[in-house]
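Chain by chain, the residues:
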Amino acid sequence: TFEIALARSALTLQVPAGKTILQVLNENGITAPSSCEQGACGTCLMTVIDGEPDHKDVYLSSIERASNQKIVTCVSRSKSQRLVLDI
Ligand code: FES
């Protein structure tokens, strides 16, 4: 389990094992764009303000991955206990 803090709405949500960031957002009434939901298309990409993503996608380049500034929310998780997202 890790926590996502939504910078623009001042909301903090828990992402348990077995659920994706995208699912948790949708369950909480936050409509986020998505398409493939397999980490390939980049539709669900979000900006990371703070925290360290655990990248599981095949969309980001190695440079983007290393910068920790973007996250593919349909598959990726977090290495840090908390991720702050620019949504
Ligand atoms: Fe395609 Fe997330 S919906 S990468």
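Keep in mind that what you see is a predicted model, and the values were worked out from it rather than measured.

The rules behind each value
- Residues numbered from 1 in each chain as written.
- Predicted model: local features only at pLDDT ≥ 70, side-chain atom pairs only at ≥ 80, totals over all residues.
- Heavy atoms only, no water.
- Helix = DSSP H or I, 4+ residues; strand = E, 2+ residues; numbered from the N terminus.
- Buried < 20%, exposed > 50% of the residue type's maximum accessible area, 1.4 Å probe, protein only.
- Contact = heavy atoms within 4.5 Å.
- Pairing = 2+ DSSP bridges.
- Axes fitted to C-alpha atoms, helices over the stretch in contact; angles between N-to-C directions.

(A) Broad picture of the side chain of glutamate 3. Counting through the fold element by element, glutamate 3 comes out in strand 1 (residues 2-6). By relative accessible area, glutamate 3 is classed as buried at 15%. Discounting chain neighbours no more than four positions away, the residues touching glutamate 3 are Thr12, Leu13, Gln14, Gln81, Arg82 and Leu83.

(B) Quick look at the environment of aspartate 50. Tracing the sequence through the fold places aspartate 50 in strand 3 (residues 45-50). On a C-alpha basis, the gap between aspartate 50 and alanine 5 in space is 9.3 Å, while along the polypeptide they are 45 residues apart. In contact with aspartate 50, not counting residues within four places along its chain, are Arg82, Leu83 and Val84.

(C) Layout of the sheet that holds strand 1. An order of 2-1-7-3-5 is seen for the 5 strands of this open sheet, with the pairing classed as mixed. Bordering the open sheet on either side are strand 2 (11-15) and strand 5 (70-72), each of which pairs with just one other strand. When the angles between neighbouring strand axes are averaged without regard to direction, this sheet yields 40 degrees. Bridge count between strand 1 and strand 7 (residues 82-85): 4 bridges; the pairing is parallel. Bridge assignment links leucine 6 to a residue of strand 7, and that residue is leucine 85.

(D) Examining the pairing of strand 7 more closely. Relative to strand 7, strand 3 is paired through 2 bridges, and the arrangement is antiparallel. Bridge pairing links aspartate 50 to valine 84 in strand 7.

(E) Focus on the environment of aspartate 54. Along the chain, aspartate 54 falls in strand 4 (residues 53-54). What makes aspartate 54 partly exposed here is its relative accessible area of 21%. Residues aspartate 54 and lysine 79, 25 residues apart in the sequence, show an inter-C-alpha distance of 5.3 Å. Ignoring sequence-local partners within four residues, the contact set of aspartate 54 consists of Ser76, Arg77, Ser78 and Lys79.

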